[in-house]
Amino acid sequence: MPLSGRELDAARIRDPLLRQAYTHCAWLLRRSGHPPPPWRSSLPPAKRPHWDAMIAFCRCADDLTDDPGVGPGERLRRLDSFEQELRRSLDGHPFRDRRATRSRRSQALVCRAFAHFVREWRIPEDSIWEASRALRADMAVRDYDTVASLERHMHGVSGQPAIWLGALLEPVDDRARDAAIAWSYGMQTLDFVLDVEEDLRLDKLYLPLEELRQCGLVREDVEEAVAARRMSEPLRGLVGLQTDRARRYLAAAEQWEFLVRPRGRELVRRSLAQGRMMIDSIARTGNDLFALAGPNP
């Protein structure tokens, strides 16, 4: 759904340049090949522009580090440039390069809106840079040996944005932070399961190697299964371990609904329900990696 003037007015975003930046974030999310989940509509109108800025920023950073069309060095250079633009935006310096490419102008608009979101909701800048460090570290990693090492990665790339979302939902209890992080781990783990084929095209595997070994597998077994789009019983067992873990994460997040102000609770309810539905859908396929992913792209 496009960002409306009514939502910008409700959020008291009146500066024309900021309105342009927030509108651009909403446009980016609409045209994305991976549109955000439909929870936005459960937020009050005044919070929807801030949601757009947060999600657009995360998507932009993720796309820069995962672009299969460029090499690792160029991806790192682009991330550096994006971070520099964010620092300028956080310092209140407007983007003025009239010779910039369309891509760079787009990133500047995203950073402008996100910096405003950070100021409005008092997001700790340390949290932003922790997320960035996790993205950077992941660029040099092909896989994660243990659940603990994968959780450290998730704490940066999804746990920190969950903290930002938690601020937007207005926590009423200190326990809301841990619940938000647990929620993010659950949803991220399900993404790892559903995106195995896409991740392997980037030479990434986000299924812990210790759990592969537990199922009698090595990484090459998963790669061969994905190439042939053929499930085996050990691989079904591996998928089951992931969904069991996702279910535990989401169970740890159940109280989040009651740890935020009432106007934020519907988003939590919807997102937790979607996570549980995803787990049930995977189980109904017999833990088949390929049944929900559709035909080979």
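A brief structural summary. Predicted model only: the values in this text are computed from it and were never measured.

Here is what the cut-offs are and how they apply
The numbering scheme is per chain: residues are counted from 1 as the chain's sequence reads. A pLDDT threshold of at least 70 governs which residues receive local features in this predicted model, and a stricter bar of 80 or more applies before side-chain atom pairs are shown or counted, although totals over entire chains, interfaces and linings include all residues. Hydrogens and water are ignored here; the side-chain numbers use all heavy atoms of the structure. Each reported salt bridge corresponds to a side-chain nitrogen of Lys or Arg within 4 Å of a carboxyl oxygen of Asp or Glu. A helix here means a DSSP run of H or I that spans at least four residues, while a strand means a run of E at least two residues long, and both kinds are numbered starting from the N terminus. Exposure categories follow from relative accessible area, calculated using a 1.4 Å probe and restricted to protein chains: below 20% of the type maximum is buried, above 50% is exposed, and the middle band is partly exposed. Note on aromatic pairs: the rings of Phe, Tyr and Trp (six-membered ring only in Trp) are paired at centre separations within 6.5 Å, and the planes decide the class, stacked below 30 degrees, edge-to-face beyond 60, tilted for the rest. Charge over a ring is defined by NZ of Lys or CZ of Arg lying within 6 Å of the ring centre and within 35 degrees of the ring normal. Each helix should span, by expectation, one fewer than its residue count multiplied by 1.5 Å. It only takes one pair of heavy atoms within 4.5 Å for two residues to be counted as in contact. Here a polar contact means two N or O atoms within 3.5 Å. Within protein one must be a hydrogen donor candidate and the other an acceptor candidate, and residues neighboring in sequence count only if both atoms are side-chain atoms. What makes a nonpolar core is a set of buried Ala, Val, Leu, Ile, Met, Phe, Trp, Tyr and Cys residues whose side-chain atoms join them at distances within 4.5 Å.

1. Section: the pattern of salt bridges
Scanning the model with the defined rule gives 29 salt bridges in all. Arg 270 is paired through a salt bridge with Glu 266; the nearest N and O atoms lie 3.2 Å apart. Highlighted residues: Arg 270 and Glu 266, both in helix α13 (residues 265-284), separated by four residues, approximately one helical turn. Residue Glu 266 is classed as partly exposed on the basis of its relative accessible area, which comes to 29%. One continuous salt-bridge network, built from bridges that share partners, spans Arg 142, Asp 143, Asp 203, Arg 219 and Glu 223.

2. What to know about the packing of aromatic side chains
Taken as a whole, this structure holds 11 aromatic pairs when the rule is applied. With a centroid separation of 6.5 Å and 70° between ring planes, the pair formed by Trp 39 and Trp 51 is classed as edge-to-face. One end of the pair, Trp 39, is in the loop between α2 (16-31) and α3 (48-66); the other, Trp 51, is in helix α3, with 12 residues separating them in the sequence. Judged by its relative accessible area of 8%, Trp 39 is buried. With a centroid separation of 5.4 Å and an interplanar angle of 55°, the aromatic rings of Phe 114 and Trp 164 are classed as tilted. Of this pair, Phe 114 sits in helix α5 (residues 102-120) while Trp 164 sits in helix α7 (residues 147-168), and the two are 50 residues apart along the sequence. Judged on exposure class, the residue Phe 114 and its partner Trp 164 are both buried. Its end group placed over the ring of Trp 129, Arg 87 keeps NZ or CZ at 3.9 Å from the ring centre.

3. Focus on α2
Think of an α-helix as turning once every 3.6 residues; residues three or four places apart then point the same way. When the terminal C-alpha atoms of α2 are compared, their 23 Å separation across 16 residues agrees well with the 22 Å that a helix rising 1.5 Å per residue should span. By the burial criterion, the buried members of α2 are Leu 18, Ala 21, Tyr 22, His 24, Cys 25, Ala 26, Leu 28 and Leu 29. Residues of α2 that are buried sit in contact with α1 (5-10), α3 and α5. Measuring from the backbone nitrogen of Leu 17 back to the side-chain oxygen at the start of α2 gives 2.9 Å, which picks out Asp 15 as the cap.

4. A few points about unusual backbone geometry
The phi angle at Arg 12 is positive, at roughly 60°, despite the residue not being glycine. Inspection of the secondary structure assignment puts Arg 12 in the loop between α1 and α2. Take Arg 12: its relative accessible area is 65%, and that puts it in the exposed class. One non-glycine residue, Arg 122, lies in the positive phi region at around 55°.

5. As for the nonpolar core
Core analysis: the biggest nonpolar cluster contains 93 residues, and Phe 117, Trp 164, Trp 183 and Trp 256 have the highest contact counts within it. For this core, the element with the most residues is helix α8 (residues 176-194), which contributes 11 residues. When neighbours within four sequence positions are excluded, Trp 183 is seen to be in contact with Trp 39, Ala 162, Leu 165, Tyr 249, Leu 250, Ala 253, Trp 256, Ser 271 and Leu 272.

6. Focus on α3
Across its 19 residues, α3 extends 27 Å between first and last C-alpha, which sits within 8% of the 27 Å expected from 1.5 Å per residue. Counting buried residues along α3, 14 of its 19 residues qualify, which places the element largely inside the surrounding structure.

7. Focus: the side chain of Ser 42
Tracing the backbone shows Ser 42 in the loop between α2 and α3. There is a polar contact of 2.6 Å between the side chain of Ser 42 and the backbone oxygen of Trp 39. In contact with Ser 42, other than residues within four places in its own chain, are Arg 263, Glu 266, Leu 267 and Arg 270.

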